[in-house]
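# Summary of structural features
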Amino acid sequence: MTNVTTPWENSAEEVLAKLNVKLSTGLSLEEIKVRIKEHGLNSLKAEAKITPISRFLSQLKSPVVITLLVATVISAALGETIDAIAIATILVINAIIGYVQESKAEAAVEALKKLSAPKARVLRDGNILEVSASELCPGDILVLEAGDYVPADCRVILASQLSADEAILTGESLPVNKESTPVSGNTILAERRNMLFGSTAIATGTARAVVTATGMNTEIGHIARLLGTVGISKTPLQEKLEQVTNKLLVFCGGVVLIIAFLGILRGQKWLEIFMTAISLAVAAIPEGLPTVVTLALALSIRRMTKRNAIVRHMPAVETLGSTSVICTDKTGTLTTGKMRARETFVLSRGIVTEGGSDIVDLEDFNALVASGALCSNAAVNDEGAATGDPTEVALLYLAKDHNLTVRQLNEQYPRLAEWSFDSNRKRMSVAVQAEGKTVIHCKGAPESVLPLCLLNGEDKDKIEKAIEELSSQGRRLLALALKTLPVSAADFDAGAFSDSSSVESGLTFLGLVAIADPPRLESIPAIQACKAAGIKVVMITGDHPVTAKAIARELGIVEDGKFDQVLTGIELEKMSPQELSAQVEKVAVYARVSPEHKLVIVQAWKDKGNVVAMTGDGVNDAPALKQASIGIAMGKGGTEVARQASSIILTDDNFATIVSAVEEGRATHGNIRRTIQYLLSGNLSEILVMLGAAVVGWPTPLAPIHLLWINLVTDGLPSLALAAEPVPKNSLATTNRPSPDTFFDKGFYKEMAFIGIITSTMALAVYGYTLRISDAVTARTHVFSFLVFAELFRSFASRSEHKTIFQLGLTSNMYHLAAVAIPLTFQITLHYSQVFDDVFKVKAISFQECLTLIFLSLIPVTAVEIRKMMKQRVNASGDLKK
């Protein structure tokens, strides 16, 4: 038998027996071949890749594009070559842009494969060999030591002072002590102390372990499988834009049927009816909208890059602006990911938070710091880089921060002997030479060290109160003590003190050091800014619940009585989706969670109608990053897996950068909303012009080429400039959080209808008047130019929903002035070129006629600006009454 399902609940001997392997010799080379054939290589399977052709064709599947394709074919069949080429060109441009963006393939699984250790030391046929990690199989005996990456999931058989860094998998910031003793079968992953997991690292000690799972059967493989089943969520803008466009198509279809019915009643030719239908299809569909939104997001991406946020998927920008919940990993995201001394306690001064310069000169404090540095096997070089157990590294940094040089301490007090830490004693001691004497320095868990110290009742009470207070804050506590032996350093014989109990008694208590992974300095104000902007921050971690809640409280995430509950992974598993849904809005912290739990948490918030951002840096964050409305990964300290599964990467690993990104997202959200309203209002006016002319019985006022020109060039350039509208000052504090439900709200449609009706009414008046005094070609020329001018001037009003153009300032967006001037100049001059007259099917008109049309086209934009001023007066009077 070469399979074992829950090796952590079996004894080491039982696991070896089930895997049919001997610890002394390992597997034979012949058996290796058989097992690799049975279980496959120790590697992760990648998702099937989309071919370039399939990726390109996928850009042509939307209802908008399909409608335009039909219009292209019909135009070509009817001999309207110019129209057909124009529509086809637009489709190709949009498809190319989409193809380029999606070509950034989903590489999360590939990144996971890279995480697997390339080499492994294994015992085979009685010999220790170095082999490729991909050649491992269940039953292989691994030989591991500090610094090794674990190449597969395995059961610890022998261990000496073994600990593993599992933050990349579980989010646990501290190395986890490992041993070979069996644990319960339902023990959660983070507490399986006798298991080592693929792609984690050995922090301290040595071990021999038997491989129990390889490839896709490992915990990392399970995450890879989760990534393969989680699809990328559509952004709110994509969903709403698709809905609105489909509504516009349905409305257009109704108009086509009405016009076709009227045409049949009037005896029009089918060719004319077809051409009118094509014109309406072009009028209804904002052909430039996909390109405009894409380029608008690209402009925002450029601005966000300058603010240390790289956007991998462009639609994610607008999602950021709508974010209502941020589910964030703790370790390395809200915190530094590095253990540091947070508080110290000495009997003479009590608890002191680190950073207090008033205690540097205290003799007892310096003795505490020096003792911690001497009783450590970690190392810090001159550049500040550290190696060793994170807890001991924290003690060295404490010494360094108080101007104690560790190298000089070790030279001044050379070590004579060491009694290493083990899980039974829960302490470590060293003997050092001090001025010819032998001094014992001891550090360890308070419950292990304090009974060995000489303390009176009053001191014990002080220490116990300090321990209680610091423990409630989720700190990891170390007690330090020392003792001078009645033996000179020259006469000291380590062999005579092989039993640590002979030196670890009658100790003098020095103090306590409280160690924790500290919050980033910028995280606390960033969280406050998020809360002020209406965004909830939820912390998800692999830490112990007490530690997790203490840090969440320190960060300002917890709100007593409102948002203060803590749920563990085990409690979460016992809850039904309905129970979680009822409680999710009160839970501020999730502790001891697995990757599956993160998916459930994100989905529970999304089911409540929230736009959920998930931040993280570890492998365990990747599935939730992918499933969230928007995934935000850390760029410097984060894993490649997390980066590839995310939509946005923070290059400075700074949670505070999220606040800047949200501000940019909100500004972009507003810019896109106004741009879409500008474009769709123009489309509506074009449809109403076509419908009005058909109802009255006039000739078709606009040809497809006219509508394409208006939609793509006239609307396109100003809309790009609108998308580049500068971010208003204090926009995060002064704007409400946009939501998917308010993007296309009643106000949006009312404004769209107001603009569409007033513009189309003016256009039909121009068209009808010209038909009365001149021919159809002249009337078509007039209505075409009027709509172009009206759309260009109306773009000034579209720069803000509330402020007039004079309040904003004409020159506050120079891109917009240029975007209006270029097509305006071209529109005026095209009337004096025979080539353009032939292409656009218009005729030359006088300069006086142009000026008259420009004057008339100012009426719609003036009406919009007057409407804004009236709203401002109403709002101002309402504020006064309050």
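Remember, predicted model here, so these are calculated numbers, not experimental data. (Residues numbered from 1 in each chain as written. Predicted model: local features only at pLDDT ≥ 70, side-chain atom pairs only at ≥ 80, totals over all residues. Heavy atoms only, no water.)

On a plain count of helices and strands, the protein chain comes out with 36 helices and 24 strands. Split into buried and exposed, the 882 residues of the protein chain put 54% on the buried side. In the structure as shown, the protein chain presents an accessible area of about 37700 Å², 58% of it carried by carbon and sulfur atoms. (Helix = DSSP H or I, 4+ residues; strand = E, 2+ residues; numbered from the N terminus. Buried < 20%, exposed > 50% of the residue type's maximum accessible area, 1.4 Å probe, protein only. Areas by Shrake-Rupley, 256 points an atom, 1.4 Å probe, with all protein chains shown as cover.)

Now for the packing of helix α26 (residues 655–696) against helix α31 (residues 746–773). Across the interface, α26 lies against α31 with an axial gap of 7 Å and an inter-helix angle of 40 degrees. In this view, α26 runs oblique relative to α31, as classed from their interaxial angle. For the element pair α26 and α31, the recorded crossing hand is right-handed. When grouped by side-chain class, the residues that make up the contact of α26 with α31 number 14 nonpolar, eight polar and two charged. (Axes fitted to C-alpha atoms, helices over the stretch in contact; angles between N-to-C directions. Parallel < 35°, antiparallel > 145°, perpendicular 65-115°, else oblique. Left-handed = near helix turned anticlockwise from the far one by under 90°. Nonpolar A, V, L, I, M, F, W, Y, C, P; charged D, E, K, R; others polar.)

Further remarks concern the sheet that holds strand β16 (residues 437–444). Reading across from one edge, β11-β10-β18-β17-β16-β15-β14 is the order of the seven strands in this open sheet, with antiparallel pairing throughout. Two strands close off the open sheet at either side, each with one partner strand: β11 (350–353) and β14 (415–419). Strand-to-strand twist in this sheet, taken as the mean axis angle between neighbours without regard to direction, amounts to 25 degrees. As judged from the four bridges shared by strand β10 (residues 340–346) and β11, these two strands associate in the antiparallel manner. Note that in β11 the partner of Thr344 across the bridge is Val352. Packing against the sheet, helix α15 (residues 390–401) makes contact with β10, β15 (427–434), β16, β17 (476–488) and β18 (508–516), and its axis sits at approximately 70 degrees to β10. (Pairing = 2+ DSSP bridges. Contact = heavy atoms within 4.5 Å.)

Nonpolar side chains collect at one region of the surface, where Ile264, Trp270 and Phe274 lie side by side and expose about 360 Å² of accessible area between them. Relative to the helices and strands, Ile264 is located in helix α9 (residues 236–265). With relative accessibility at 48%, the residue Ile264 sits in the partly exposed group. (Patch = residues over 30% accessible without salt bridge, like charges linked within 9 Å, V, L, I, M, F, W, Y side chains within 5 Å. Salt bridge = Lys/Arg side-chain N within 4 Å of Asp/Glu carboxyl O.)

Here eight strands make up an open sheet; going across it, the order is β8-β24-β23-β22-β9-β19-β21-β20 and the pairing mixed. The open sheet has two edge strands with one neighbour each: β8 (309–311) and β20 (565–568). Put simply, the sheet's adjacent strands are angled 20 degrees from each other on average, direction ignored. Along the sheet face, helix α23 (residues 595–607) touches β9 (325–329), β19 (536–540), β21 (587–591) and β22 (612–616) and points at about 155 degrees away from the line of β22.

We now examine the pattern of salt bridges. Under the counting rule described, the total for this entry stands at 29 salt bridges. One salt bridge in this structure joins Lys531 and Glu559, with 3.8 Å as the shortest N-O distance. Of the two residues, Lys531 is situated in helix α19 (residues 523–532) and Glu559 in the loop between α20 (545–555) and β20; the sequence distance between them amounts to 28 residues. On the accessibility criterion, Lys531 (28% relative accessible area) is partly exposed. Since its relative accessible area comes to 26%, Glu559 is described here as partly exposed. Arg553 is paired through a salt bridge with Asp560; the nearest N and O atoms lie 2.9 Å apart. Look at Arg553 and you get partly exposed, because its relative accessible area is 41%.

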